[in-house]
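Chains, contacts and geometry: an overview
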Amino acid sequence: MSTKAEMIKELYPEDLFNYAELLSDGEVEVLAAARKVIEAEIKPVINEYWEKADFPFEAFYKLAEVGIMNSPKLYVGREGERKPSEIYTAFLYLELARADASIATFYTVHGGLGYNTILLGGNERQIEEFAPKIASFEWQTCFGLTEPDSGSDIAGGLSTTAERKGDTWVLNGAKRWIGGSDTADIIPIFARDVEDNKVKCFIVRKGAPGYHAEPIPHKASLRAIRNGHITLENVEVPEADRLENINGFADVARILVYTRADVAHIAMGITNGAFVAALDYTKQREQFGRPIAKFQLVQEKLARMQANAVATLGYSVRVAQLQEEGREAMTNSSLAKMHNSLRMRETVALAREVVGGNGITLETDVARFFADAEAIYTYEGTHEVNALIVGRDITGLGAFV
Ligand SMILES: Cc1cc2nc3c(=O)[nH]c(=O)nc-3n(C[C@H](O)[C@H](O)[C@H](O)COP(=O)(O)OP(=O)(O)OC[C@H]3O[C@@H](n4cnc5c(N)ncnc54)[C@H](O)[C@@H]3O)c2cc1C
């Protein structure tokens, strides 16, 4: 039986500042079990699914058996909590995104965006009904916020409508880019109440008449996750399925504070994954009679990637610690998402450089990280939008328009 320190070293050799020591024994055990599933089930099929633009559901749901959201090992000392620790969450995203960004993205719409929407927006009865089934992966969920004509300006631009008729709400409109929306069992849809103009959230159940979700075709990034274009035509939702605690965009923003940090963690995971894949390759590949890792110019790039791996981990871990202490803040989540995405983009480009011609095929994993990084750079607030959130905070001057 390996000690915790040995397990951590084996799992995350790129974690030179030893951030993983902050994890509990049980958390490390769950992450190590997840690693086994990723190696045995996900990695062997992910390129094939990426190429055919489909999601490896069967392989992914093997992670549910590990209990990545609900294993009792994650709740030792935090009995009664609905979520594992924020540090564990950061490392779970590292674990997933280090292997594949579509897998991490599918998880974030389910276990991050969807789950937090229920926990922060639902009343006790709704949390009781939905949360355990989401945590066990019995029900798949997602997050329907952005629209064909509103992405960055969704706070003011949200145009899907909800009209109350007795105890039933009638939804009309469209949503775009919604990950997992063509297979989800429960679909949180944000819509504007025609009566008071406030944004509210409605749980649309699978098979609801008038709900259609078509996967968006021809993507060059995150090909392995299906992002849906949703249309809602007179979709009826009972008042009992309206999330009671979402009564304006400020309540949506409370969810995004957490989920934006999650995406910072995904960028951190991609940074680490691209670096590790590039490092492995440069140690194997020989040119001029020696491994290319022996050349000074290659080592300089490896060192920069290593620095980015540690820097992104540092941002993720500190934001996670602040959230765990109840000191969450949108500025910090935006700062982390912006910073980690910049470092991710630099790292996948450096990784691409050192893997040469083979690096434009799926063979080394680097091409997949390179392509997938572009979507992460854009979703959960583009680089510019997160920069403007930080800018507003440090100057006191809003500059969105
Ligand atoms: C793969 C993927 C998955 C996604 N998954 C989901 C999901 O599950 N659920 C969901 O609700 N949404 C999802 N989204 C939507 C995502 O949040 C939006 O794409 C994102 O907010 C950007 O909106 P947009 O694409 O409409 O770009 P736009 O808002 O059209 O922006 C285009 C460009 O203009 C810039 N820009 C816009 N406004 C300003 C400004 N004021 N100042 C300076 N520059 C500005 C942007 O930064 C960007 O560079 C996903 C998107 C992608 C690509």
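Cut-offs used in this document
Residues numbered from 1 in each chain as written. Predicted model: local features only at pLDDT ≥ 70, side-chain atom pairs only at ≥ 80, totals over all residues. Heavy atoms only, no water. UniProt positions renumbered as here; feature names shortened; annotations may be inferred. Helix = DSSP H or I, 4+ residues; strand = E, 2+ residues; numbered from the N terminus. Phe/Tyr/Trp six-rings, centres within 6.5 Å; stacked < 30°, edge-to-face > 60°. Buried < 20%, exposed > 50% of the residue type's maximum accessible area, 1.4 Å probe, protein only. Lys NZ or Arg CZ within 6 Å of the ring centre and 35° of its normal. Pairing = 2+ DSSP bridges. Axes fitted to C-alpha atoms, helices over the stretch in contact; angles between N-to-C directions. Bend = angle between axes of the 7 residues up to and from the residue. Polar contact = N/O pair within 3.5 Å; in protein donor to acceptor, adjacent residues only side chain to side chain.

1. Observations concerning the UniProt feature "domain: Acyl-CoA dehydrogenase/oxidase C-terminal" (unreviewed entry) in the protein
- Under the UniProt annotation, "domain: Acyl-CoA dehydrogenase/oxidase C-terminal" (unreviewed entry) lies at residues 248–394.
- Counted over residues 248–394, helix gives 78% and strand 3%. Its end C-alpha atoms are 25 Å apart.

2. Topic: the UniProt feature "domain: Acyl-CoA dehydrogenase/oxidase N-terminal" (unreviewed entry) in the protein
- The UniProt record marks residues 27–138 with the feature "domain: Acyl-CoA dehydrogenase/oxidase N-terminal" (unreviewed entry), using the residue numbering of this structure.
- Annotated as residues 27–138, this span is 73% helix and 0% strand, and its ends, taken at the C-alpha atoms, are 22 Å apart.

3. Quick notes on the packing of aromatic side chains
- For the structure on display, the rule yields 17 aromatic pairs.
- Taken together, a centroid distance of 5.9 Å and an interplanar angle of 70 degrees make the contact between F60 and F137 edge-to-face. One end of the pair, F60, is in helix α3 (residues 57–60); the other, F137, is in the loop between α7 (124–135) and α8 (154–157), with 77 residues separating them in the sequence. Neither F60 nor F137 differs from the other in exposure class; each is buried.
- Pairing F130 with W139 gives two aromatic rings, centres 6.1 Å apart and planes at 50 degrees, and the pair type is tilted. Just as F130 is buried, W139 falls in that class too.
- In textbook terms, an aromatic cluster arises when at least three aromatic residues are bridged by ring pairs, as seen for F55, F57, F60, Y61, Y93, F106, Y107 and F137.
- For the cation-ring pair, K83 lies above Y258, with the distance from its terminal atom to the ring centre recorded as 4.5 Å.

4. Some remarks on the sheet that holds strand β5 (residues 211–215)
- The six strands are arranged β4-β3-β1-β2-β6-β5 in an open sheet whose pairing can be described as mixed. On the outer flanks of this sheet lie β4 (199–205) and β5, each paired with one strand and no other. Averaged over all adjacent pairs, the angle separating strand axes in this sheet is 30 degrees, with direction ignored.
- Sheet topology note: the strand β1 (residues 161–165)/strand β2 (residues 168–179) ladder contains five bridges and is antiparallel. Each residue of the ladder has a partner; that of A162, found in β2, is L171.

5. Some words on helix α6 (residues 101–121)
- Maximum bend of α6: about 40 degrees, positioned at T108.
- Judged by how many residues are buried, α6 sits mostly within the fold: 20 of 21 residues are covered.
- Between the side-chain oxygen at the start of α6 and the backbone nitrogen of S102 there is a gap of 3.0 Å, and the oxygen is on D100.

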